[in-house]
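So you can see what is in the structure, the chains are spelled out below.
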Amino acid sequence: MLLIKKRESTEENHVKLVAYTIILYICSIFVPFIAVPSYQSMVYYSRSQWFFSTPFSAYITFMGGMIYIAVILTLYLIFRQRWEGNWFKVVLGAMILASIPAFILSLTNYYYLDNEGIHYNKLKSLKEKEYRWDRISKVHILYRNHQGTTSFYQYRFEMPDGSEITIPSNDKLVEHKWRVENKIIENKIPITDNFKNPIVD
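Quantities reported herein were computed from a predicted structural model and do not represent experimental measurements.

Caption draft 1: Highlighting the pairing of strand β6 (residues 149–158). Pairing geometry for strand β5 (residues 138–146) and β6, over nine bridges, is antiparallel. Along β6, the bridge assignment pairs Lys-138 with Glu-158. As consecutive antiparallel partners, β5 and β6 are separated by two residues, and within that stretch Gln-147 has a phi angle of approximately 55 degrees, a positive value. Bridge count for β6 against strand β7 (residues 164–168) is five bridges, and the pairing is antiparallel. If you follow Tyr-155 over to β7, its bridge partner there is Ile-167.

The structure is reproduced here in structure tokens:
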């Protein structure tokens, strides 16, 4: 009787794990676009910012972490009978824990602009870096030709040490583009552009 109950319990857990795995695959499609901006708005948002934006790399990394866990659970479901044992569960558990950095890095990947400059926390860094307006040595304004229409594509800011920071065009940047242009004029930053030879896609 105890053996039958144990077997039923095991099968029940197996069914639940299958359900959780499927849910994880499905949720990986939309949860990153909810979880990442919600967390960042609570932790990093400030009224002094012109706008706050999340790079697409943050969403992809968070999504990748969820899919990675789902794949690990899938492997467990496939091989659990063949390799049943504590060592197998420990290895899988360690592999799942290895996904934690992906979630942390995705949640700390953002940028924002304010009166002081550009503040960017890149995907592979946990530390925010500031690019002050008065320290920028050059601005490249890039244009793109899409289906015969040329439009603003992105800003590429160059620092004295040769490093660059790229801010792509989006609704938030377009809304505050005049602020960026005022800072460029105010700090007399040299400008180049590719309007006559835009990127074609």
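Caption draft 2: Representation of the packing of aromatic side chains. One pass over the structure, following the stated rule, counts 17 aromatic pairs. Consider the rings of Tyr-39 and Tyr-44, whose centres lie 6.2 Å apart with planes at 75 degrees: the pair is edge-to-face. Relative to Phe-152, the ring of Tyr-143 has its centre 6.5 Å away and its plane inclined at 75 degrees; by these criteria the two rings are edge-to-face. Both residues of the pair, Tyr-143 and Phe-152, belong to the buried class. Among the aromatic residues, ring-to-ring pairing joins Trp-50, Trp-133, Tyr-143, Phe-152, Tyr-155, Phe-157 and Phe-195 into one connected group. Geometry around Phe-152 places Lys-177 over its ring, the cationic atom sitting 4.9 Å from the centre.

Caption draft 3: Geometry of the nonpolar core. Among the nonpolar cores identified, the biggest contains 22 residues, and Leu-113, Ile-118, Tyr-155, Phe-157, Ile-167 and Val-180 are the most heavily contacted of them. Elements with a contribution of two residues or more to this core: β2 (110–113), β3 (117–121), β5, β6, β7 and α7 (177–186). Beyond its immediate sequence surroundings of up to four residues, Ile-167 is in contact with Tyr-111, Leu-113, Ile-118, Tyr-120, Gln-154, Tyr-155, Phe-157 and Leu-173. Formed by 18 residues, the second largest nonpolar core is a distinct cluster that contains Ala-58, Ala-70, Leu-92 and Leu-107.

Caption draft 4: Examining the packing of helix α2 (residues 32–43) against helix α3 (residues 56–79) more closely. Taken N-terminus to C-terminus, the directions of α2 and α3 make an angle of 120 degrees; their axes are 9 Å apart at the nearest point. Judged on the interaxial angle alone, α3 and α2 are oblique. Crossing geometry of α2 relative to α3 is assigned as right-handed. In contact with Pro-32, Phe-33, Ala-35, Val-36 and Pro-37 of α2, α3 contributes Phe-56, Ala-58, Tyr-59, Phe-62, Met-63 and Met-66. Per-class residue counts for the contact of α2 with α3 are eleven nonpolar, no polar and no charged.

Caption draft 5: Representation of the pattern of salt bridges in the model. Evaluation of the coordinates by the stated rule reveals five salt bridges. Among the ionic pairs, Asp-201 bridges to Arg-144, the shortest N-O distance being 3.2 Å. Residue Asp-201 is found in the segment after β9 (199–200), and its partner Arg-144 is found in strand β5; the two are separated by 57 residues along the sequence. Owing to a relative accessible area of 28%, Arg-144 belongs among the partly exposed residues under this scheme. Between Glu-181 and Lys-177 there is a salt bridge whose closest N-O contact spans 2.8 Å. Of the two residues, Glu-181 and Lys-177 are both situated in helix α7; the distance of four residues between them amounts to about one turn of the helix. The class of Glu-181 is partly exposed, set by a relative accessible area of 35%.

About the cut-offs
Residues numbered from 1 in each chain as written. Predicted model: local features only at pLDDT ≥ 70, side-chain atom pairs only at ≥ 80, totals over all residues. Heavy atoms only, no water. Pairing = 2+ DSSP bridges. Helix = DSSP H or I, 4+ residues; strand = E, 2+ residues; numbered from the N terminus. Phe/Tyr/Trp six-rings, centres within 6.5 Å; stacked < 30°, edge-to-face > 60°. Buried < 20%, exposed > 50% of the residue type's maximum accessible area, 1.4 Å probe, protein only. Lys NZ or Arg CZ within 6 Å of the ring centre and 35° of its normal. Core = buried A, V, L, I, M, F, W, Y, C linked by side-chain atoms within 4.5 Å. Contact = heavy atoms within 4.5 Å. Axes fitted to C-alpha atoms, helices over the stretch in contact; angles between N-to-C directions. Parallel < 35°, antiparallel > 145°, perpendicular 65-115°, else oblique. Left-handed = near helix turned anticlockwise from the far one by under 90°. Nonpolar A, V, L, I, M, F, W, Y, C, P; charged D, E, K, R; others polar. Salt bridge = Lys/Arg side-chain N within 4 Å of Asp/Glu carboxyl O.

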